[in-house]
2 protein chains.
Amino acid sequence: MSVEFDQIPFEPAYRKVADAIGERILTRVLREGERLPPETELARQFGVHRSTVREALRELQSRGLLERRTGSKRMSVSRPPHERIAAGVSQALLLHDVTVREVWQALTILEPPIAGSAALARSAQDLLALDAAAAAFSARRAGAEEAVRCTTEVFRCIARATHNTVLGLAQEPLLQLLEPSLRVIIDKVPQARSRIALAHEQLRTSIHSGDESQARRWMERHIADFRRGYELAGIDLGLVLTL
Amino acid sequence: MSVEFDQIPFEPAYRKVADAIGERILTRVLREGERLPPETELARQFGVHRSTVREALRELQSRGLLERRTGSKRMSVSRPPHERIAAGVSQALLLHDVTVREVWQALTILEPPIAGSAALARSAQDLLALDAAAAAFSARRAGAEEAVRCTTEVFRCIARATHNTVLGLAQEPLLQLLEPSLRVIIDKVPQARSRIALAHEQLRTSIHSGDESQARRWMERHIADFRRGYELAGIDLGLVLTL
DNA sequence: TTTGCCGGATTGTCCGACAATGATACGAGC
DNA sequence: GCTCGTATCATTGTCGGACAATCCGGCAAA
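Overview of the structure.

**A short note on empty space enclosed by the protein**
In step 1: Under the counting rule described, the total for this entry stands at one cavity of 30 Å³ or more.
In step 2: Looking at the largest cavity, it is lined by 16 residues, and the ones nearest its centre are Leu 169, Ala 170 and Pro 173 of chain A together with Leu 169 and Ala 170 of chain B.
In step 3: Listing elements by their share of the lining of the largest cavity, those giving two or more residues are helix H4 (82-95) and helix H8 (165-188) of chain A together with helix H4 (82-95) and helix H8 (165-188) of chain B.
In step 4: Here the lining of the largest cavity is composed, by residue class, of 16 nonpolar, no polar and no charged.

**What to know about the protein's contact with DNA strand D**
In step 1: Taken together, 19 residues lie near DNA strand D, and Arg 50 and Arg 54 of chain A together with Ala 13, His 49 and Thr 52 of chain B sit nearest.
In step 2: Looking at DNA strand D alone, sugar and phosphate atoms form 62% of those within 4 Å of the protein.
In step 3: Contact distances for DNA strand D include 2.9 Å between a phosphate oxygen and a side-chain N or O atom of Arg 54 of chain A.
In step 4: Between DNA strand D and His 49 of chain B there is a distance of 2.5 Å, counted from a base nitrogen to a side-chain nitrogen or oxygen.

**Concerning the packing of H4 of chain A against H8 of chain A**
Residues and elements named next belong to chain A.
In step 1: Where H4 contacts H8, the axes come no closer than 8 Å and their chain directions differ by 50°. Viewed along their axes, H4 and H8 adopt a mutual orientation that is oblique. Relative to H8, the crossing made by H4 is right-handed. Across the interface between the two elements, His 82, Glu 83, Ile 85, Ala 86, Ala 87, Val 89, Ser 90, Leu 93 and Leu 94 from H4 touch Thr 165, Leu 169, Glu 172, Pro 173, Gln 176 and Leu 177 from H8.

**Brief notes about the pattern of salt bridges**
Residues and elements named next belong to chain A.
In step 1: Enumeration according to the criterion identifies 48 salt bridges over all chains in this entry.
In step 2: With a shortest N-O distance of 2.9 Å, Glu 32 and Arg 79 are connected by a salt bridge. Of this pair, Glu 32 sits in the loop between helix H1 (13-26) and helix H2 (39-46) while Arg 79 sits in the loop between strand E2 (76-77) and H4, placing them 47 residues apart in sequence.
In step 3: For Arg 79, a relative accessible area of 29% gives the class partly exposed.
In step 4: One salt-bridge network, in which partners are shared between bridges, spans Glu 11, Arg 15, Asp 19, Glu 59 and Arg 63.

**Regarding the protein's contact with DNA strand C**
In step 1: Taken together, 19 residues lie around DNA strand C, and Ala 13, His 49 and Thr 52 of chain A together with Arg 50 and Arg 54 of chain B are the ones closest in.
In step 2: Near the protein, within 4 Å, the atoms of DNA strand C are sugar or phosphate in 66% of cases.
In step 3: In the model, a base nitrogen of DNA strand C is placed 3.3 Å from a nitrogen or oxygen of the Arg 50 of chain A side chain.
In step 4: Taking Lys 73 of chain B, its side chain carries an N or O atom lying 3.4 Å from a base oxygen of DNA strand C.
In step 5: For the surface near DNA strand C, the elements supplying multiple residues, two or more each, are H1 and helix H3 (50-62) of chain A together with helix H3 (50-62) of chain B.
In step 6: Top contributing element to the surface near DNA strand C by residue count: H3 of chain B, with three residues.
In step 7: Looking at the surface near DNA strand C residue by residue, the class counts come to five nonpolar, five polar and nine charged.

**Description of the nonpolar core**
In step 1: The biggest cluster of nonpolar side chains holds 113 residues, and the ones touching the most others in it are Ile 158 of chain A together with Ile 158 of chain B.
In step 2: Excluding residues that lie within four positions of it along the chain, Ile 158 of chain B makes contacts with Ile 114, Ala 115, Ala 118, Leu 130, Leu 203, Ile 207 and Met 219 of chain B.

**Some points on the side chain of Ser 78 of chain A**
Residue and element names in this part refer to chain A.
In step 1: With respect to the helices, strands and loops of the structure, Ser 78 is situated in the loop between E2 and H4.
In step 2: Given a relative accessible area of 6%, Ser 78 falls into the buried group.
In step 3: At a separation of 2.9 Å, a polar atom in the side chain of Ser 78 contacts the main-chain carbonyl oxygen of Gly 64.
In step 4: When near neighbours in sequence (up to four residues on either side) are disregarded, Ser 78 contacts Glu 32, Gly 64, Leu 65, Leu 66 and Glu 67.

**Observations regarding the interface of chain A and chain B**
Many analyses report the size of an interface as the accessible area lost when the parts associate.
In step 1: Facing the 45 residues of chain A at the interface are 45 residues of chain B.
In step 2: Here chain A packs against chain B, burying approximately 4400 Å² in sum over the two surfaces, 62% of which is carbon and sulfur.
In step 3: If you look at where chain A meets chain B, you find eight salt bridges.
In step 4: Measuring nitrogen to oxygen at the nearest pair gives 2.6 Å for the salt bridge that ties Arg 58 of chain A to Glu 55 of chain B.
In step 5: Taken together, chain A and chain B are joined by 23 residue pairs in polar contact (both at pLDDT 80 or more).
In step 6: If you list the elements that add at least two residues to the side of chain A that touches chain B, you get H1, H3, H4, helix H5 (100-121) and H8 of chain A.

**Regarding the layout of surface pockets**
In step 1: Considered as a void within the structure, the second largest pocket measures approximately 550 Å³ in volume.
In step 2: Forming the walls of the second largest pocket are 22 residues, and the residues nearest its centre are Ile 109, Pro 113 and Arg 216 of chain A together with Ile 109 and Pro 113 of chain B.
In step 3: Secondary structure elements with two or more residues in the lining of the second largest pocket: H5 and helix H10 (212-232) of chain A together with helix H5 (100-121) and helix H10 (212-232) of chain B.

**Digging into the packing of aromatic side chains**
In step 1: As enumerated under the stated definition, the model contains two aromatic pairs over all chains in all.
In step 2: Ring geometry for Phe 155 of chain A versus Phe 226 of chain A: centroids 6.2 Å apart, planes at 40°, classification tilted. Of the two residues, Phe 155 of chain A sits in helix H7 (residues 144-161) while Phe 226 of chain A sits in helix H10, which places them 71 residues apart along the sequence. For the pair Phe 155 of chain A and Phe 226 of chain A, one class covers both residues: buried.
In step 3: Sitting above the plane of the Trp 104 of chain B ring, Arg 227 of chain B keeps its charged end 4.8 Å from the centroid.

**Looking at helix H9 (residues 192-208) of chain A**
Residue and element names in this part refer to chain A.
In step 1: For H9, with 17 residues, the first-to-last C-alpha span of 24 Å sits near the 24 Å given by 1.5 Å per residue.
In step 2: Among the residues making up H9, those that are buried are Ala 192, Arg 193, Ile 196, Ala 197, Ala 199, His 200, Leu 203, Ser 206 and Ile 207.
In step 3: At the exit of H9 stands Gly 210, carrying a positive phi of roughly 70°.

**Digging into unusual backbone geometry**
In step 1: Look at Asp 97 of chain A: it is not a glycine, yet its phi comes out positive at around 60°.
In step 2: Note on Asp 97 of chain A: relative accessible area 32%, which makes it partly exposed.
In step 3: Backbone geometry places Arg 28 of chain B, a non-glycine residue, at a positive phi of 65°.
In step 4: Its location among the elements puts Arg 28 of chain B in the loop between helix H1 (13-26) and helix H2 (39-46).

Parameters and conventions
- As a convention, each chain's residues are numbered from 1 in the sequence order in which they are written.
- Following the order in which they are written, the chains are lettered starting with A and the ligands numbered starting with 1.
- Per-residue local features are limited, in this predicted model, to residues with pLDDT of at least 70; the limit for side-chain atom pairs, both in listing and counting, is 80 or more; totals at the level of whole chains, interfaces and linings are taken over all residues.
- The basis for the side-chain values is all heavy atoms of the structure; hydrogens and waters are excluded.
- The definitions used throughout rest on a 1 Å grid laid over the protein atoms alone, on which a cavity is an enclosed set of points accommodating a 1.4 Å probe that cannot get out and a pocket is an open set flanked by protein within 12 Å on both sides along at least five of seven lines; lining residues are those having an atom within 4 Å of a point.
- Grid points are joined across faces, edges and corners, and a volume is the space filled by probe spheres set on the points.
- Helix numbers and strand numbers start at the N terminus; a helix is a DSSP run of H or I with at least 4 residues, a strand a run of E with at least 2.
- Under this grouping Gly is polar, as are all residues other than the nonpolar Ala, Val, Leu, Ile, Met, Phe, Trp, Tyr, Cys and Pro and the charged Asp, Glu, Lys and Arg.
- Residues are classed as near a molecule or strand on a simple rule: at least one heavy atom within 4 Å of it.
- Here a polar contact is recorded for every N or O atom pair within 3.5 Å, except that within protein the pair must consist of a potential hydrogen donor and a potential acceptor, and residues adjacent in sequence are included only if both atoms are side-chain atoms.
- Every axis in this analysis is a line fitted to C-alpha atoms, fitted for helices over the stretch in contact. Angles between the N-to-C directions lie between 0 and 180 degrees.
- By the definition adopted for this analysis, an angle is roughly parallel if under 35 degrees, roughly antiparallel if over 145, roughly perpendicular if from 65 to 115, and oblique otherwise.
- Crossing handedness follows the turn of the near helix against the far one: under a right angle anticlockwise gives a left-handed crossing, and clockwise gives a right-handed one.
- Residues count as neighbours in contact if any of their non-hydrogen atoms are within 4.5 Å of one another.
- Whenever a carboxyl oxygen of Asp or Glu lies within 4 Å of a side-chain nitrogen of Lys or Arg, that contact is scored as a salt bridge.
- Summary of the burial criterion: residues with accessible area below 20% of their type's maximum are buried, those above 50% are exposed, and those between are partly exposed, where the area comes from a 1.4 Å probe applied to protein chains only.
- Here, nonpolar core refers to any group of buried Ala, Val, Leu, Ile, Met, Phe, Trp, Tyr and Cys residues whose side-chain atoms link them within 4.5 Å.
- Buried area counts how much accessible surface, traced with a 1.4 Å probe, disappears from two parts once they are put together, with both parts' losses summed.
- Here a pair means two rings of Phe, Tyr or Trp (six-membered ring of Trp) with centres within 6.5 Å. Their orientation is stacked below 30 degrees between planes, edge-to-face above 60, and tilted elsewhere.
- Here, a charge over a ring is recorded when the distance from Lys NZ or Arg CZ to the ring centre is within 6 Å and its angle to the ring normal is within 35 degrees.
- Residue count minus one, scaled by 1.5 Å, sets the expected span of a helix.

If you want it as structure tokens, here you go:
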């Protein structure tokens, strides 16, 4: 038989405090927007020193469970904003040596069904937002920077139109990772802008008319175009993404 | 014209320190496994107090950029483990009132292409792992707890077989969110286990034989079965997930 | 080679303190 | 009565220093 023992678990106080507060937030005992007691008060309640409480707060803060509303002292409970947690995912993927191909493949899988679903679930307001985003891309002949932001914004609008939070959050890290290479494509490939604008136009009309399969097909082409863009811009698909 | 001004940004020292260290990790100046200097030394270098450094370290730690190897004092650089960051995503989704339907829809979109891609990209080792996971599910007639873990493990094996980190990481939060309701299904629906075992069997053979479209089709049915399971178990798809 | 022991290094936690700045109450002026 | 400046208080950001626990590395003993 094995003489293996489990390691004896030791949790420092700052972790226990963080867990205790975090648990209350997750179980909604502390609700969004509610203000946390001051640090000294927390220290008193937990029976630890204020420094210890502060370390716990830093952890909860970085998890997005707490935030300080601009120019306010007291901390308040918040839901983790999508960009923040997506940024965490992106960082993780970067550190795990993810390649351009992997990101592109994920987009291939995810985006067409999202577009299709958006065509079915979109509200009038979603259409307005989508139109605005697409128009913003077509209007600006400005820097690649701006163009990239507009492109990803169109993706975001489409995902929002699905009214499925999970899909939006799954997509967000991909967009963040896409941005740098997309910038290169727009810079180096002359026809990129017009191809993207065309795709936007087709996506818009498909989603407006609620045509699921058409929306899906156009998104497939749009993503396929990205691959073409990588080739034209001389970006190796096997390239490991870097910051 | 607008009289809007950007708020003047004030960053506390602990954020600056965290950013400075985090930036070195992301740019690989500090490489994985490398040990960080002691807190007192960091405090000296940054010209701040040790408490300030500690607050910064807590943030990096919770982002998974730093870890303490078991029973070691010094902190070392690490890549964020998938489970940790997936847990962050799951938490965020929970707090954003995600419903069973949303998770299920995401699975519908994501899993079939993953299975298909796995059929194409799987290595011999992947097949072994998949077989083992599937066998573990079939063998154990034990508690629902264990069965759920085996089921999700099969999903993980399939995702790993794609050799695409992005897909694995995109899938992980869904599995975490799926687990509780899956437990209920296995408990309440008598035929659930055999249906799942059947699906595993079909997925295994499809992926072994490298048949992409068949793998995809079987995964589609597998996920569709979950929906049926929800209905049979009396779980409302519109239900907001809770901890 | 393993075991026992020791000193130094490092972390977890505490105490106490202080300046800067939000929050709040209050009175002055329109 | 309402806005505005001001005084007061509350709270955070940061600091200095301290101490026990424990991990690390080396060295001697078995």
